[in-house]
Structure formats: C-alpha cells, structure tokens
Amino acid sequence: MSKKKIILAAVVAIVAIALGWYFLYFTKTPVYSLNLAREAVEKHDVNAFKKHVDVDSIIGSGYDDVVAMQLEDPEIKNNPLKGLAEVMFQGLKPKIVPILSNEIYNAIAKQPEDSNQNNREKQVADDMKEKTGIKDLEFKSIGSATVDGNSAVVPVTFNSKELNQDVTFNLAMKKLDDGTWQAVKINNFKEFLAIVEQHEKQGKAE
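Since the structure is predicted, the reported quantities are computational estimates derived from the model, not experimental observations.

(A) Spatial organisation of the overall build of the protein. A count of helices and strands for the protein gives eight helices and five strands. For the protein, the residues scored as buried account for 34% of the 206 residues in total. At a minimum sequence separation of 6, the contacts of the protein that also span at least 24 residues come to 56%. Carbon and sulfur atoms provide 55% of the accessible area of the protein, an area that totals close to 13000 Å².

Listed below in structure tokens is the structure:
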C-alpha cells in the first residue's frame, strides 16, 4: 500500500471514530441536550424545548425555595400566623407556576401573553419575578456535566445585570428513555436568592 493510501486510510479511520463518538456518546450527554434546548429557543420550537427542560418542575421547585426564604423572614418566622401564611403560599402555587411557565413558552414561540389571566395571580407572578432577580439574566455558557447514573448536574452561567456579576446555576437533569436528558431543577436556587436579598439590603442601606 502506498504512503498516500495509508495516510488516507488513517484520516478515514479518525473521522469514523470521531463521528462514532459524536453520535454514540456526545449526543447522549446532558450538555448536548441543553444545547438542543438552547437551539429550540432560537428556532422558537416550544415542543423541542419542553422535551429537554421540565419548566413546570423547575419553576415549582424554585417557587418552593422562594416560599422557604419568605418563611425565614423574622417578621413571618416569629409570627403566630406563620402557618396560615405557609398554607396561603402553597395554595397559590398551582396557579402561579402555570402562569410563569406559559410566559416562558410564549416568549419562546414569540406569542403575546394570555390576556385572560387573573389579574391578581398575574400580579403575584410578576412580583415573584421581580423579587427573585431572574428577569434580567442573560445566558453565557454551559459547563461540564457531572453524571451519576441516570442523574446529572450541569453548571449553567448567566450574567445578572441587576447584580452586575455572573451567576452559575447547578442544573439537575434526569436521563430520558431515549438516552437524552431533561433539566428538572436548579439545585442552588436558594443561594442565588440569598445573593439577591443581600444586594437589595445593601441598596436600601445606601
């Protein structure tokens, strides 16, 4: 076999190995699935986005974190009506989560907001977005995944204009039946809320 043929065969083998790695391994990684979700946003494909991001689950767990922070506020924590406040917060959850989820879906699909929403519940949802500091987040990058069986954690970094700094969310993901992945929760959302709260206190103090 000539030298040129040997080189060509080697190149073909390398390409075949690279393609095999891409289709058999990389396309089944959490990071690849998050990139599919990012592409779905760019293409305004809500169904593709839903496959790889469980919006209701993420918002639901985030709502629980917000409520937990609220209940730790000294004015509520030491209040005899704390139990009533907790029941009220949890009662609003089934109404607020769909509102916030639909806002995300409408934004992806470039559709107007639902005008039939309950004004009070919509106001509560807007207040929650304002308090959590998530309205001004701008996507920056996706880090390397830590995989443990059918679970994984992927760091996703955003820039917060309000905080004037980058923040990294540890995104919990689960493996789907077809081998791809779906984001289901932000593991460190309470830590982010604490940063936002501290920033607000500093602003008031100034």
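After that view, the rundown keeps rolling.
(B) Structural context of helix 2 (residues 30-42). Between its terminal C-alpha atoms helix 2 stretches 19 Å, which fits the 18 Å expected from 13 residues at 1.5 Å a residue. Within helix 2, the full set of buried residues consists of Pro30, Val31, Tyr32, Ser33, Leu34, Asn35, Ala37 and Ala40. Just downstream of helix 2 lies histidine 44, where phi reads positive at about 60°.

(C) Summary view of the environment of isoleucine 134. Inspection of the secondary structure puts isoleucine 134 in the loop between helix 7 (119-132) and strand 1 (137-142). With a relative accessible area of 36%, isoleucine 134 lands in the partly exposed category. Excluding residues within four positions of it along the chain, isoleucine 134 makes contact with Lys129, Phe189 and Phe192.

(D) Region of the structure containing the nonpolar core. One finds Leu34, Phe49, Tyr63, Phe169, Leu171, Phe189 and Phe192 to be the most contacted residues of the largest nonpolar core, which totals 41 residues. Once you skip the residues sitting within four places of it in the chain, phenylalanine 169 turns out to touch Leu137, Val154, Pro155, Val156, Phe158, Ile186, Asn188, Phe189 and Phe192.

(E) A look at the packing of aromatic side chains. As enumerated under the stated definition, the model contains five aromatic pairs in all. An angle of 80° between the planes, with centres 6.0 Å apart, marks the rings of phenylalanine 139 and phenylalanine 158 as edge-to-face. Residue phenylalanine 139 is found in strand 1, and its partner phenylalanine 158 is found in strand 3 (residues 151-160); the two are separated by 19 residues along the sequence. Through pairs of rings, three or more aromatic residues link up here, namely Phe139, Phe158, Phe169, Phe189 and Phe192. Note that lysine 50 overlies the ring of tyrosine 105, its terminal NZ or CZ placed 4.5 Å from the centroid.

(F) Here's a closer look at the packing of helix 4 (residues 55-71) against helix 6 (residues 82-109). At their nearest, the axes of helix 4 and helix 6 sit 9 Å apart, and the two run at 145° to each other. Between helix 4 and helix 6 the crossing geometry is right-handed. Seen from helix 4, the contacting residues are Val55, Asp56, Ile59, Gly60, Tyr63, Asp64, Val67, Gln70 and Leu71; seen from helix 6, they are Lys82, Glu86, Phe89, Gln90, Leu92, Lys93, Ile96, Val97, Leu100, Ser101, Ile104 and Tyr105. Along the lines of polarity and charge, the residues of the contact of helix 4 with helix 6 split into twelve nonpolar, four polar and five charged.

(G) Representation of the pattern of salt bridges. Inspection of the entire model under this criterion finds four salt bridges. One salt bridge connects glutamate 42 with arginine 38, and the closest N-O pair in it is separated by 3.3 Å. Of the two residues, glutamate 42 and arginine 38 both sit in helix 2, four residues apart, roughly one turn of that helix. With a relative accessible area of 32%, arginine 38 lands in the partly exposed category. The partner of lysine 140 in a salt bridge is aspartate 166, and the shortest N-O contact between them spans 2.9 Å. Here lysine 140 is found in strand 1, whereas its partner aspartate 166 is found in strand 4 (residues 165-175), with 26 residues between them in sequence. Given a relative accessible area of 47%, lysine 140 falls into the partly exposed group.

(H) Representation of helix 7 in the model. Taking 1.5 Å of rise per residue, 14 residues should cover 20 Å, and helix 7 covers 20 Å from first to last C-alpha, within 8% of that figure. A positive phi of about 75° marks glycine 133, the residue just after helix 7.

Rules and cut-offs
- Residues numbered from 1 in each chain as written.
- Predicted model: local features only at pLDDT ≥ 70, side-chain atom pairs only at ≥ 80, totals over all residues.
- Heavy atoms only, no water.
- Helix = DSSP H or I, 4+ residues; strand = E, 2+ residues; numbered from the N terminus.
- Buried < 20%, exposed > 50% of the residue type's maximum accessible area, 1.4 Å probe, protein only.
- Contact = heavy atoms within 4.5 Å.
- Areas by Shrake-Rupley, 256 points an atom, 1.4 Å probe, with all protein chains shown as cover.
- Expected span 1.5 Å × (residues − 1).
- Core = buried A, V, L, I, M, F, W, Y, C linked by side-chain atoms within 4.5 Å.
- Phe/Tyr/Trp six-rings, centres within 6.5 Å; stacked < 30°, edge-to-face > 60°.
- Lys NZ or Arg CZ within 6 Å of the ring centre and 35° of its normal.
- Axes fitted to C-alpha atoms, helices over the stretch in contact; angles between N-to-C directions.
- Left-handed = near helix turned anticlockwise from the far one by under 90°.
- Nonpolar A, V, L, I, M, F, W, Y, C, P; charged D, E, K, R; others polar.
- Salt bridge = Lys/Arg side-chain N within 4 Å of Asp/Glu carboxyl O.

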